[in-house]
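A look at the structure
In case you want the letters, here they are:
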Amino acid sequence: MKRIGCVLAGLLMMLMAAAPAMAQSETANDLRIEQAVICLGVEDRNPVQAGEVFSSDSGTLFCYTRVLGAGGETSITHNWYYQGALKASIQLPVRSANWRTWSRKSVLPEWTGEWMVEVLDVNGVPLESLVFQVQ
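Our subject in this report is the structure included herewith. Source: prediction; values computed, not measured. (Residues numbered from 1 in each chain as written. Predicted model: local features only at pLDDT ≥ 70, side-chain atom pairs only at ≥ 80, totals over all residues. Heavy atoms only, no water.)

Okay, the overall build of the chain next. When helices and strands are counted, the chain shows one helix and ten strands. Moving toward the C terminus, one meets the helices and strands of the chain in the order α-β-β-β-β-β-β-β-β-β-β. Within the span of the chain, comprising 135 residues, buried residues form 35% of the whole. Sequence separation of 24 or more characterises 57% of the internal contacts of the chain that already satisfy a separation of 6 or more. Of the roughly 8,100 Å² of accessible surface on the chain, a fraction of 53% belongs to carbon and sulfur atoms. (Helix = DSSP H or I, 4+ residues; strand = E, 2+ residues; numbered from the N terminus. Buried < 20%, exposed > 50% of the residue type's maximum accessible area, 1.4 Å probe, protein only. Contact = heavy atoms within 4.5 Å. Areas by Shrake-Rupley, 256 points an atom, 1.4 Å probe, with all protein chains shown as cover.)

A separate point is the nonpolar core. Formed by 23 residues in total, the largest nonpolar core has its most connected members in Ile38, Leu61, Ile76, Trp80, Trp115 and Phe132. For this core, the secondary structure elements donating two or more residues are strand S1 (32–39), strand S5 (60–68), strand S6 (74–82), strand S7 (85–94), strand S9 (113–120) and strand S10 (126–134). (Core = buried A, V, L, I, M, F, W, Y, C linked by side-chain atoms within 4.5 Å.)

Before going further, it helps to spend a moment on the packing of aromatic side chains. Per the counting criterion, the structure on display carries seven aromatic pairs. Here the aromatic rings of Trp115 and Phe132 are separated by 6.2 Å at their centres, their planes lie at 15°, and the arrangement is stacked. Separated by 17 residues along the polypeptide, Trp115 in strand S9 and Phe132 in strand S10 bring together distant segments of the chain. Taking the relative accessible area as the measure of exposure, Trp115 reaches 1% and is therefore buried. Classification of Phe132 as buried rests on a relative accessible area of 1%. (Phe/Tyr/Trp six-rings, centres within 6.5 Å; stacked < 30°, edge-to-face > 60°.)

Sheet topology places S6 next to S7; nine bridges connect them, and they run antiparallel. Paired with Tyr81 across the strands is Leu86, a residue of S7. Between S6 and S7, which pair antiparallel one after the other, the connecting turn spans two residues, and Gln83 there sits at a positive phi close to 50°. (Pairing = 2+ DSSP bridges.)

You can see Trp102 is positioned in strand S8 (residues 98–106). C-alpha separation for the pair Trp102 and Thr65, spaced 37 residues apart in sequence, amounts to 5.8 Å. The contact partners of Trp102, leaving out residues within four places of it in the chain, are Val42, Arg45, Phe62, Cys63, Tyr64, His78 and Leu92.

Its location among the elements puts Lys105 in strand S8. When near neighbours in sequence (up to four residues on either side) are disregarded, Lys105 contacts Gly59, Thr60, Leu61, Trp80, Lys87, Ala88, Trp111 and Trp115.

Two side chains that carry opposite charge are able to pair once their charged atoms sit near each other. Counted under the stated rule, the structure contains one salt bridge. Glu73 is the salt-bridge partner of Arg95, the closest N and O atoms lying 3.5 Å from each other. With Arg95 in the loop between S7 and S8 and Glu73 in the loop between S5 and S6, this pair connects stretches of sequence that are 22 residues apart. Arg95 sits in the partly exposed class, given a relative accessible area of 48%. (Salt bridge = Lys/Arg side-chain N within 4 Å of Asp/Glu carboxyl O.)

The values reported here are purely geometric and, on their own, carry no functional implication.
Okay, structure coming up:
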């Protein structure tokens, strides 16, 4: 009987240790992207001059994301790709069920062509992809 009690206690400890990771996974699975745009700026937590084609002299571009459904504090990641090569990976906190966040990337004038920002949840699962051009 003593042995069964030890086994049960061990199982209970394993489940308690796994609970935070399970809760984080559940939180991540509930996330959805309500709005995601590439833009020239963010003012009052709203995107400014969103588009799909930008001038090579824009300097800095923003990826604005509105995230819904977080059950607790979690994060998303914005991966910025230029012609298939990862240029930046930016982790952003998500602290409520309706959260607006953004990242920015300086773009050199010679970096013309196709860009993409991939939005990932805390587990690395893609939530959204935004393809845009710099000309």
